[in-house]
Amino acid sequence: MATIASAETNETTERVRSPGFRLAPWAASYLQATPLILILGFFFILPIAMIAVVSFWDYDFAGLYPDFLTMNYAETLGSWVTWKTYLNTLKFTVIVWALTVFIGFWVAYFLAFHIRRTSTQMILFLVCTVPFMTSNIIRMISWIPVLGRNGLVNSALIKMGVIPQPIEWLLYSDFAVVLAMVHLYTLFMVTPIFNTLMRIDRSLFEAARDAGASGWQILWNVVIPLAKPGIAIGSIFVVTLVMADFSTVQVMSGGQSASVALMMKNQMSLLQYPAAAANAVVLLIVVLMMVAAILRVVDIRKEL
């Protein structure tokens, strides 16, 4: 009797607990993802779609005219100025990427493996991030009194007798653009590499030493392969930031160099919005191809 009473009680409890309406598992998943889809759709997909639509419009000095013309893409891709600007932007991207990878890896390596105490690691990492609490414009402009004709570098070299007259190419040149970009974007390479290096099991180093590997062999065959996901994530950050940068190129080159983003800014200042939109679509495709190439080389899902 007790067993029958217990079974009836359980059945009654299940009836009370069971809801009247239950969603299928796939429907519940889509319902949970709906807020994120709406946010991404409104703030990301919709603006890109609007840019793509405007890129086919016609325009003149008076306004924009909704249409479906390929004129803007023909002028963009058929101009040698555009190709030269893209090559110049890619040149900046490759140089800045190489320098940030080199500097960022060694900074992250020092913090991860040569600083034993976790508290000291965090303090030094925060010290690296302190300059990034200010505006990019301020940090970029701060190089002008350092690299200028009468700046700190030229004045010091002249007083030491190293050079007879100021070095002109320190400022308002491609050198100044690359230097400022490396300063601005190195942290975006340090952070993911440092995060990846901190996840490496230290017992792997002991096993490599027991197998007779030297320090450089451990670095080349153990550390660098395991740090590839972090390098890939940092590379994506740096590549996308450099390709979209126009203020650094404009200020640090003194208007003597060009980039794709700066070209789009000039087109928008002249109210040539469809031409700028076509350039934006082409730039987006180029950046996506570069990111896809990085993802083909390194599987960052191991990091995520």
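Everything below is about the structure printed above this text.
What you are looking at is a predicted structure, and each value in this text was computed from that prediction instead of being measured.

Caption draft 1: Structural detail: the nonpolar core. The biggest cluster of nonpolar side chains holds 42 residues, and the ones touching the most others in it are Phe-105, Phe-113, Met-181, Leu-197 and Val-223. Put simply, the parts of the chain that give this core at least two residues each are α4 (80–114), α9 (174–185), α10 (187–198), α11 (203–210), α12 (215–243) and α13 (247–252). Residue contacts for Met-181: discarding those within four places in its chain leaves Phe-92, Val-96, Val-242, Asp-245, Thr-248 and Val-249. Among the nonpolar cores identified, the runner-up in size contains 20 residues, and Tyr-73, Met-243, Met-264 and Ala-278 belong to it.

Caption draft 2: Geometry of the pattern of salt bridges. Scanning all chains against the criterion turns up three salt bridges. A salt bridge links Arg-149 to Glu-168; the nearest nitrogen and oxygen atoms lie 1.9 Å apart. Here the residue Arg-149 occupies a position in the loop between α7 (144–147) and α8 (152–159), and Glu-168 occupies one in the loop between α8 and α9, the gap between them amounting to 19 residues. Under the relative-accessibility criterion, Arg-149 is labelled partly exposed at 47%. Of the charged contacts in the structure, one is a salt bridge between Arg-209 and Glu-206, with a shortest N-O distance of 3.4 Å. With Arg-209 and Glu-206 both in helix α11, this residue pair falls three residues apart, about one helical turn. Residue Glu-206 is classed as partly exposed on the basis of its relative accessible area, which comes to 45%.

Criteria and thresholds
Residues numbered from 1 in each chain as written. Predicted model: local features only at pLDDT ≥ 70, side-chain atom pairs only at ≥ 80, totals over all residues. Heavy atoms only, no water. Core = buried A, V, L, I, M, F, W, Y, C linked by side-chain atoms within 4.5 Å. Buried < 20%, exposed > 50% of the residue type's maximum accessible area, 1.4 Å probe, protein only. Helix = DSSP H or I, 4+ residues; strand = E, 2+ residues; numbered from the N terminus. Contact = heavy atoms within 4.5 Å. Salt bridge = Lys/Arg side-chain N within 4 Å of Asp/Glu carboxyl O.

None of this, on its own, says anything about what the molecule does.
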